[in-house]
Amino acid sequence: MLKRNADRILIVSVFLLVALGVVMVYSTSFMVALERYGDKYFFVKKHIVYTLMGFGAFLVALKLPYRAYRSLAPALFVVAVVLLFLIFVPGVGHKVGGARRWIDAGFIRFQPSEVAKLGMVVFMAYLLERKKDRIQDFYTGFLPCVVLPAIPIALVMAEPDLGTSVTMAILLMVMAFIGGVKARYIGGLVVASLPLMYAVITSFDYMTRRIVAFLDPWKDPGGAGFQIIQSFLAFGSGGLSGVGLGEGRLKLFYLPEAHTDFIFSIIGEELGLIGVTAVIVLYAGILLSGMVIARNSREPFGTYLAAGITLMLTLQALINMAVVLGMLPPKGLPLPFLSYGGTSLMVSMASVGILLNIYTAEGDR
Amino acid sequence: MKEKKEWTKARISIIAAIFVVGFGIIFLRAFQLQIVNKEHLGKKARLQYLKTIKINSKRGAIYDRNLKELAVSIEVPSVYAQPHKIKEPRRVAQRLARVLSTDRHSVLKNIRSSRRFVWVKRQVVLADEKKEELRGLSQAGIGMVKESRRFYPKGELAANLIGFAGIDSEGLEGVELYYDRYLKGSSMLIRTEKDAAGRTLLFEDVSARAEGMDVVLTIDGTIQYIVEKALKKAVEKTEARAGVAIVMDPYTGEILAMANVPSFDPNNFTRYSPSYWRNRAITDAFEPGSITKAFLLAAVIEEGLADRNDIFYCELGRYAVANTVFHDTRKYGWLSLRNIIKYSSNIGAIKLAERLGKERFYGYLRAFGFGSRTGVDLPGEATGLVRSPQRWSAITLDTMAFGQGLSTTAIQLVNAMSAIANGGFLMKPLIVKYIRNHEGQIVKRFDPVVVRRVISEETARRVTNILIGVTEDGGTGVLAGLGMGIKVAGKTGTAQKPDLEKGGYAEGRYIASFLGFVPARKPHLAIIIAIDEPRKGFSGGEVAAPVFKEIAKQALLYLGVFPEDGPTHERVTTVRKKDRNPLPENLAIERQVVPDFRGKTMRGVLDIAMQMGVEVNLRGSGTAVMQTPPPGTPLKKEGAIKVVFR
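Residues numbered from 1 in each chain as written. Chains lettered and ligands numbered in written order. Predicted model: local features only at pLDDT ≥ 70, side-chain atom pairs only at ≥ 80, totals over all residues.

A.B. asks: Could you clarify how one ought to interpret the overall build of chain B in this entry?
C.D. replies: Looking only at helices and strands, chain B features 22 helices and 25 strands. For chain B, the residues scored as buried account for 48% of the 646 residues in total. (Helix = DSSP H or I, 4+ residues; strand = E, 2+ residues; numbered from the N terminus. Buried ≥ 20, exposed ≤ 12 C-beta atoms within 10 Å, placed from the backbone.)

A.B. asks: Help me out: how do you make sense of the overall build of chain A in this one?
C.D. replies: When you go through chain A residue by residue, the secondary structure sums to 13 helices and 3 strands. The long-range share in chain A, meaning contacts at least 24 apart out of those at least 6 apart in sequence, stands at 69%. (Contact = placed C-beta atoms within 7 Å.)

A.B. asks: Can you help me understand helix α19 (residues 545–559) of chain B in this one?
C.D. replies: Residues spaced three or four apart along an α-helix face the same direction, because each turn holds 3.6 residues. All names here are of chain B. Look at α19: 21 Å from first C-alpha to last across 15 residues, which is about the 21 Å you get at 1.5 Å a residue. Of all 15 residues making up α19, 13 are buried, and the element is well covered by its neighbours. Taken from the residues just after α19, G560 is the one with a positive phi, measuring 75°. (Expected span 1.5 Å × (residues − 1).)

A.B. asks: Can you help me understand the sheet that holds strand β20 (residues 489–498) of chain B in this one?
C.D. replies: The strands making up a sheet associate through backbone hydrogen bonding, with each pair oriented either parallel or antiparallel. Residues and elements named next belong to chain B. Read across the open sheet, the 5 strands follow the order β9-β8-β22-β21-β20; overall the sheet is antiparallel. Strand pairing shows two members of the sheet lacking a second neighbour, β9 (255–261) and β20, which therefore form its edges. For this sheet the average axis-to-axis angle between neighbouring strands, irrespective of direction, equals 10°. Pairing of strand β21 (residues 505–518) with strand β22 (residues 525–532), which is carried by 8 bridges, proceeds in the antiparallel orientation. Paired with L515 across the strands is I528, a residue of β22. The sheet strands contacting helix α16 (residues 410–421) are β8 (242–248), β21 and β22, and the helix crosses β22 at an angle near 150°. (Pairing = 2+ DSSP bridges. Axes fitted to C-alpha atoms, helices over the stretch in contact; angles between N-to-C directions.)

A.B. asks: Please explain the interface of chain B and chain A as it appears in this structure.
C.D. replies: Accessible area lost on assembly of the parts is the figure often given for the size of an interface. Between chain B and chain A, the residue contacts involve 32 residues of the former and 40 residues of the latter. Secondary structure elements with two or more residues in the side of chain B that touches chain A: α1 (2–36) and α2 (38–50) of chain B. With 18 residues, the single largest contributor to the side of chain B that touches chain A is α1(B). Among the residues making up the side of chain B that touches chain A, the classes are represented as 17 nonpolar, 7 polar and 8 charged. (Nonpolar A, V, L, I, M, F, W, Y, C, P; charged D, E, K, R; others polar.)

A.B. asks: What is the right way to look at the pairing of β9(B) in this model?
C.D. replies: Residues in a regular strand point their side chains to alternate faces of the sheet. All names here are of chain B. Summarising burial for β9: 7 of the 7 residues are buried, a large majority. Looking at chain direction, β8 and β9 are connected through 6 bridges and run antiparallel. Bridging from a neighbouring strand, V244 pairs with N260 of β9. Joining the antiparallel neighbours β8 and β9 is a turn of 6 residues, in which G253 adopts a positive phi near 80°.

A.B. asks: How do you make sense of the sheet that holds strand β25 (residues 641–645) of chain B when you look at a structure like this?
C.D. replies: Residues and elements named next belong to chain B. Spatially, 3 strands are ordered β23-β25-β24 in an open sheet, and the strand pairing comes out mixed. The strands lining the two open edges of the sheet, one partner per strand, are β23 (616–620) and β24 (624–628). Adjacent strand axes in the sheet meet at a mean angle of 20°, parallel and antiparallel pairs treated alike. Of the pairings in the sheet, the one linking β23 to β25 comprises 5 bridges and is parallel in character.

A.B. asks: What is the right way to read the pairing of β20(B) from this model?
C.D. replies: All names here are of chain B. Buried residues dominate β20, accounting for 7 of its 10 residues. Of the strand pairs in this sheet, β20 and β21 are connected by 9 bridges, and their pairing is antiparallel. Counted as the bridge partner of G493 is S513 from β21. In textbook terms, the turn of a hairpin is the stretch between consecutive antiparallel strands, and for β20 and β21 this stretch comprises 6 residues, one of which, G503, has a positive phi near 80°.

A.B. asks: Just checking my understanding: could you explain unusual backbone geometry for this structure?
C.D. replies: Trans is the prevailing form of peptide bonds, just as negative phi is the prevailing case for residues other than glycine. All names here are of chain B. Here V261 and P262 are connected by a cis peptide whose omega angle stands at 5°. For P262, the position within the fold is in the loop between β9 and α10 (280–283). Positive phi is not limited to glycine here, since A322 has a value of about 50°. Its location among the elements puts A322 in the loop between β12 (318–321) and β13 (324–327). Note on A322: 9 C-beta atoms within 10 Å, which makes it exposed. Of note, the phi angle at E533 is positive, near 55°, even though the residue is not glycine. Tracing the backbone through its elements, the reader meets E533 in the loop between β22 and α18 (540–543).

Written as structure tokens, this is what we have:
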């Protein structure tokens with residue numbers, strides 16, 4: 001059943017999430033938009049434009065044969081690295097909230113880490129396919145699969161964006177595992193990177209505070225623990241069936257930027273556990289159909305790429321939800337398809353297009 | 001190769017399974033927060049809202065029946081501080097103290113508080129330049145928000161009835177309390193905690209809040225003014241403790257005036273002791289005394305036990321029942337029914353009560369509404385007390401015949417008398433005509449409510465004829481008579497006050513009362529006057545009846561039903577457009593000089609007098625032709641302005 005309908009489940013899940021995203025972006029942003037821009041539709045209008053652009057990216061990716069990415073992969077790797085370098089170039093890189101995460105290309109501003117993420121997934125799939133016969137070998141198989149991805153990851157970490165770099169690292173390591181790298185090599189790598197993580201966290205004051213606040217948010221409810229506590233209160237107020245769409249109160253003043261990273265909290269408040277469960281089920285739908293597509297691809301490149309994309313989308317969702325539920329330290333990561341934000345939405349939509357292309361390519365034969 | 005592929009598939013399945021478990025954990029965590037901890041977190045969230053400041057919306061107004069404002073809300077700024085934003089508290093306190101003319105030290109103490117939000121001064125009236133200066137302090141954590149402040153433009157007028165609202169715009173007494181639900185609008189919440197972005201979270205936009213509704217009373221401000229003036233004068237003249245008066249439209253049950261002495265200024269209600277706030281007309285039950293005879297009379301006639309000319313032996317002023325001897329003030333022999341009432345013979349009343357019997361007397365008293373609340377829409381109404389016959393002693397029937405051994409409120413009495421006046425229907429007293437929202441649409445209307453028919457129309461007519469005798473020559477209430485072709489029906493009451501310490505009745509302490517309606521055969525007004533413990537004079541006929549007369553006369557003049565058969569209604573309505581040239585009056589009010597009343601109708605004169613708070617003495621009817629002192633002379637505190645109408 002799942003095997004035959006994987007494409008339908010995927011499309012339905014994605015489109016329901018995107019539609020819910022438009023509604024929730026409006027519900028969470030109208031007050032802030034009214035206060036800041038005097039137009040309560042300010043954010044949702046832009047979000048609808050992004051959605052349409054994302055739909056375009058989806059259609060393009062759907063038509064583009066995925067095998068073409070194989071020959072493009074080395075170039076994509078270079079592009080990703082260059083983009084991440086550009087962030088540090090004064091006048092091009094754009095600082096928001098103390099970290100350089102944006103590139104201002106004149107006509108459009110975008111987050112290169114979002115693009116780099118997809119580029120790296122493609123590159124990793126390419127790399128794993130090329131190394132597949134030697135994959136169990138430490139020097140010729142494992143090492144290239146670690147060293148090459150480490151370059152962009154390090155750049156993202158230097159932005160500084162620890163959350164995204166860790167997410168990318170996990171994603172690429174999981175891909176490596178699927179590609180056949182020995183589990184103990186990966187485990188060893190994780191253990192080896194712990195001291196590095198510790199060093200990074202302690203060297204950035206705000207990161208330390210976030211971790212402390214995560215461990216005991218109630219210790220400083222007015223300061224560092226503020227957001228996460230407000231998120232708890234949002235879920236708690238929602239209960240089973242929620243306070244009703246648009247009726248949430250926490251987004252008004254208590255959860256700033258609720259339309260981006262904390263949109264899931266407001267879903268919890270306004271739509272309750274029922275809405276929360278529906279969102280989880282939709283992501284699980286993406287996960288399972290994506291994994292079916294990966295398993296059914298006859299080419300290793302298709303398998304790795306499909307698995308990588310699926311994991312990229314669902315891992316972000318998992319981490320975002322875990323953060324707003326207070327199970328992981330706070331980090332700025334959007335919820336794919338739901339959060340306000342152009343780059344993330346377009347990349348996610350394009351990814352789904354690629355996934356479906358892999359699925360239909362199998363059907364052609 | 002094939003093997004390898006299977007191996008990859010297996011690894012994919014492992015990862016998928018791990019992720020599914022991850023989603024499962026997310027669900028369980030959400031379940032924990034949303035279902036298990038719902039109470040706890042929901043309470044926390046509510047507590048967080050409670051840390052907000054409640055700003056009330058504009059409270060609805062209270063009007064009299066002619067839409068004159070009795071209570072209004074004006075929007076005035078309240079000054080607050082957010083202490084954590086204040087960097088130089090001393091300097092800020094100094095400037096604040098100067099602008100608000102308050103004490104610098106208390107301001108400083110206030111703005112050094114550890115709270116995130118404190119009021120510096122609430123509901124202040126500020127000149128524009130001072131507001132400007134305060135706006136200059138906004139960066140320093142000082143702000144203003146508009147709040148609604150209650151203002152009673154007519155001061156003491158109907159104060160005990162209207163009550164008052166507190167600083168948070170909540171009704172505390174009277175109509176303000178009873179109709180608080182309608183008067184108060186919605187309130188808005190303002191958060192005082194800082195948020196992550198450190199935004200200013202206070203709005204000044206008041207228009208977004210829904211305003212309260214307006215309550216339009218049945219009270220006529222002018223009649224209320226007439227009643228208060230007359231009552232106050234009488235209480236002062238007789239050196240009484242207190243007094244109440246109610247004027248009611250007997251056909252509808254609408255209360256046109258309800259006055260209390262002592263009263264208070266609701267604009268400064270905190271300066272008075274709470275006993276001054278009380279609306280005695282509603283809250284105080286007292287022994288009605290001989291007024292009760294009017295209702296005994298009605299019962300006797302309704303039951304067909306006697307008619308106006310049937311005679312009763314009054315025992316020459318001494319009548320022994322059980323171990324008690326009852327007296328009359330004069331030694332009457334045989335008295336007709338109408339003369340028993342006219343002279344208010346106690347022994348005659350006892351004879352009537354004996355003929356009626358316990359059960360029937362009790363039944364009629366209850367039917368007239370005694371011993372139960374009238375249900376008037378005002379807080380704190382007393383029930384009064386009418387014991388059931390099983391609990392009566394050997395002489396209770398006899399004492400109740402002249403109004404001892406039961407207690408009633410003024411509102412019950414005037415309401416019961418209205419039933420005689422209107423042909424037999426007990427009405428529900430009404431205090432509110434309608435409630436309208438701030439767009440002017442009527443939300444709730446109060447139509448007359450018939451509680452029950454108590455006596456037949458024929459009985460009512462006969463009782464009225466006998467009660468007219470009370471105010472005619474030789475009757476106890478002759479001082480209530482208006483003459484000039486207008487008949488008054490009524491009954492005097494002179495009730496001894498119970499001695500609460502020694503038991504029995506206190507020596508020389510009375511409640512003097514008069515209860516009646518006018519014009520007797522086509523009643524417009526039912527009026528009760530009750531004066532508590534007068535020291536100069538004691539009887540109802542002496543103390544209360546003249547007050548009735550004064551109120552009845554002026555109120556009827558004002559209503560244009562004087563004399564009885566004149567075409568006066570039209571006259572008053574056609575000249576009501578008195579605002580053709582309103583300026584001279586306003587000028588007179590401003591300069592505190594005697595206004596020019598000439599050419600005005602009686603109603604116009606009373607309106608102006610009410611606005612200025614001066615006493616006027618009215619003579620004749622028609623339009624004003626003469627006045628002393630002449631217009632333009634400075635107002636004196638004492639003495640009425642005489643105005644002659646022709």
